[in-house]
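# What the coordinates show
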Amino acid sequence: MSGNPRHSLDDLLAIMVRLRDPQHGCPWDVQQSFATIAPYTIEEAYEVADAIDRQDWHDLRDELGDLLLQVVFHAQMAKEAGLFDFTDVAHAISDKMVRRHPHVFGDETYANVEAQTQAWDAIKAAERAAKGEQHDDSALAGVSRGLPEWKRALKLQERAARVGFDWPDEQPVIDKLLEEVDEVRAEFADGRDAQRLQDEIGDVLFVMVNLARHAGVDFSQAMRHANAKFERRFRSMEQLSHAQGQPLAQRDLAEQEALWRQAKRDEVAG
């Protein structure tokens, strides 16, 4: 543990004020806006998920700090614009958590998790009405369009399932996936119409999210694992190729495939 004094949240808020100072702050920080910082906010959230996935708790601490910095950054810009400040953000989320958990902070009781989920949706609908949002009694009401598309697909499917529009198990989903893949094949065979290919590949991806949901698999985590596996094996291919005296890029596809199979074998054996 360092001998330096431990910083508090107030210290972090003061640091961001200094960074954003037009005269004495950091030029890069000063020129940022909500729009330019938003991609970093999303990236930091994924970094948090990656640290959890790797069970790297030291890294998780640092990544949570990076994510908190994003909140502080947005709040400081909002304060400068006269919109709200960090205290307003903390108040809003605290108020929301109390309001949405009447069974914890009030006298409400629910028979089971399903009843609690229904009550949660009802509370959120009341919140939307209180904001003056147009009434929407669809089961899909309130699913944000700002989500990553795979996440929005999952939310839409979960909402539809609550009113019974869902397959009973994974087998029909697998059958549907094979059907959609066949339709993609047909589009390639018929001349590769760009719009139809986009639609058909979109259908495949939508069904894949549904299959992951039925399997109880986190779609994003599954993709992170697949990406990590591909990167690990590809780097192994490069090492094997260089060890044999030839860069990977100078080999033809058949030779590269052989190295890929060897990398897989080495990984299993290891």
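Bear in mind the structure is a predicted one, so any value in this text is a computation, not a measurement.

The next subject is the overall build of the protein. From N to C terminus, the protein includes 12 helices and zero strands. Expected size for 270 residues packed as a compact globule is a radius of gyration near 18 Å; at 25 Å, the protein overshoots this value by more than 25%. With the principal axes as the frame, the protein shows a C-alpha extent of 60 × 55 × 40 Å. Partitioning the intrachain contacts of the protein with sequence separation of at least 6 by distance along the chain shows that 49% fall at a separation of at least 24. Here the protein contributes 32 positive and 50 negative side-chain charges, whose respective centroids are spaced 2 Å apart.

To continue, consider the confidence of the model for the protein. Residue-level pLDDT values for the protein average 92, and 99% of them are 70 or greater. No element of the protein has a lower mean pLDDT than helix H7 (residues 113–130), which averages 82, and none a higher one than helix H4 (residues 57–80), which averages 98.

With that settled, consider a nonpolar patch on the surface. Nonpolar side chains collect at one region of the surface, where Leu9, Leu68 and Val71 lie side by side and expose about 210 Å² of accessible area between them. Relative to the assigned elements, valine 71 resides in helix H4. Among the residues examined, valine 71 registers a relative accessible area of 35% and is labelled partly exposed.

Another aspect to go through is the packing of aromatic side chains. In the structure shown here, the tally under the stated rule is four aromatic pairs. Relative to phenylalanine 234, the ring of phenylalanine 230 lies with its centre 5.8 Å away and its plane at 25°, an arrangement referred to as stacked. One end of the pair is phenylalanine 230 and the other is phenylalanine 234, both in helix H11 (residues 219–243) and four residues apart, which spans about a single turn. Exposure remark for phenylalanine 234: the relative accessible area of 30% places this residue in the partly exposed category. Taking the relative accessible area as the measure of exposure, phenylalanine 230 reaches 48% and is therefore partly exposed.

We now examine the packing of helix H3 (residues 34–54) against H11. Between H3 and H11, the shortest axis-to-axis distance is 11 Å and the interhelical angle comes to 70°. Taken together, the axes of H3 and H11 are roughly perpendicular relative to one another. For the pair H3 and H11, the contacting residues are Tyr46, Ala49, Asp50 and Asp53 in the first and Ser220, Gln221, Arg224 and His225 in the second. Counted by class, the contact of H3 with H11 contains two nonpolar, three polar and three charged residues.

Take the packing of H3 against H4 next. At a closest axis distance of 8 Å, the pairing of H3 and H4 adopts a crossing angle of 160°. When the interaxial angle is binned, H3 and H4 end up roughly antiparallel. The interaxial crossing formed by H3 with H4 has left-handed handedness. Taking contact as the criterion, the partners of Phe34, Ile37, Ala38, Tyr40, Thr41, Glu44, Ala45, Glu47, Val48, Ala51, Ile52 and Arg54 in H3 are, on H4, Trp57, Asp59, Leu60, Glu63, Leu64, Asp66, Leu67, Gln70, Phe73, His74, Met77 and Ala78. Split into classes, the residues belonging to the contact of H3 with H4 amount to 15 nonpolar, three polar and six charged.

Phi is positive for glutamine 55, close to 55°, though the residue is something other than glycine. Its location among the elements puts glutamine 55 in the loop between H3 and H4. Judged by relative accessible area, which is 57%, glutamine 55 ranks as exposed. With a phi angle near 60°, arginine 192 is a residue other than glycine that sits in the positive phi range. For arginine 192, the position within the fold is in the loop between helix H9 (170–189) and helix H10 (194–215). Assessed through its relative accessible area of 57%, arginine 192 is described here as exposed.

Rules of the game
- Residues numbered from 1 in each chain as written.
- Predicted model: local features only at pLDDT ≥ 70, side-chain atom pairs only at ≥ 80, totals over all residues.
- Heavy atoms only, no water.
- Helix = DSSP H or I, 4+ residues; strand = E, 2+ residues; numbered from the N terminus.
- Rg over C-alpha atoms; globule rule 2.2 N^0.38 Å.
- Contact = heavy atoms within 4.5 Å.
- Lys, Arg positive; Asp, Glu negative; His and termini not counted.
- Charge placed at Lys NZ, Arg CZ, Asp CG, Glu CD.
- pLDDT = per-residue confidence, 0-100.
- Patch = residues over 30% accessible without salt bridge, like charges linked within 9 Å, V, L, I, M, F, W, Y side chains within 5 Å.
- Areas by Shrake-Rupley, 256 points an atom, 1.4 Å probe, with all protein chains shown as cover.
- Salt bridge = Lys/Arg side-chain N within 4 Å of Asp/Glu carboxyl O.
- Buried < 20%, exposed > 50% of the residue type's maximum accessible area, 1.4 Å probe, protein only.
- Phe/Tyr/Trp six-rings, centres within 6.5 Å; stacked < 30°, edge-to-face > 60°.
- Axes fitted to C-alpha atoms, helices over the stretch in contact; angles between N-to-C directions.
- Parallel < 35°, antiparallel > 145°, perpendicular 65-115°, else oblique.
- Nonpolar A, V, L, I, M, F, W, Y, C, P; charged D, E, K, R; others polar.
- Left-handed = near helix turned anticlockwise from the far one by under 90°.

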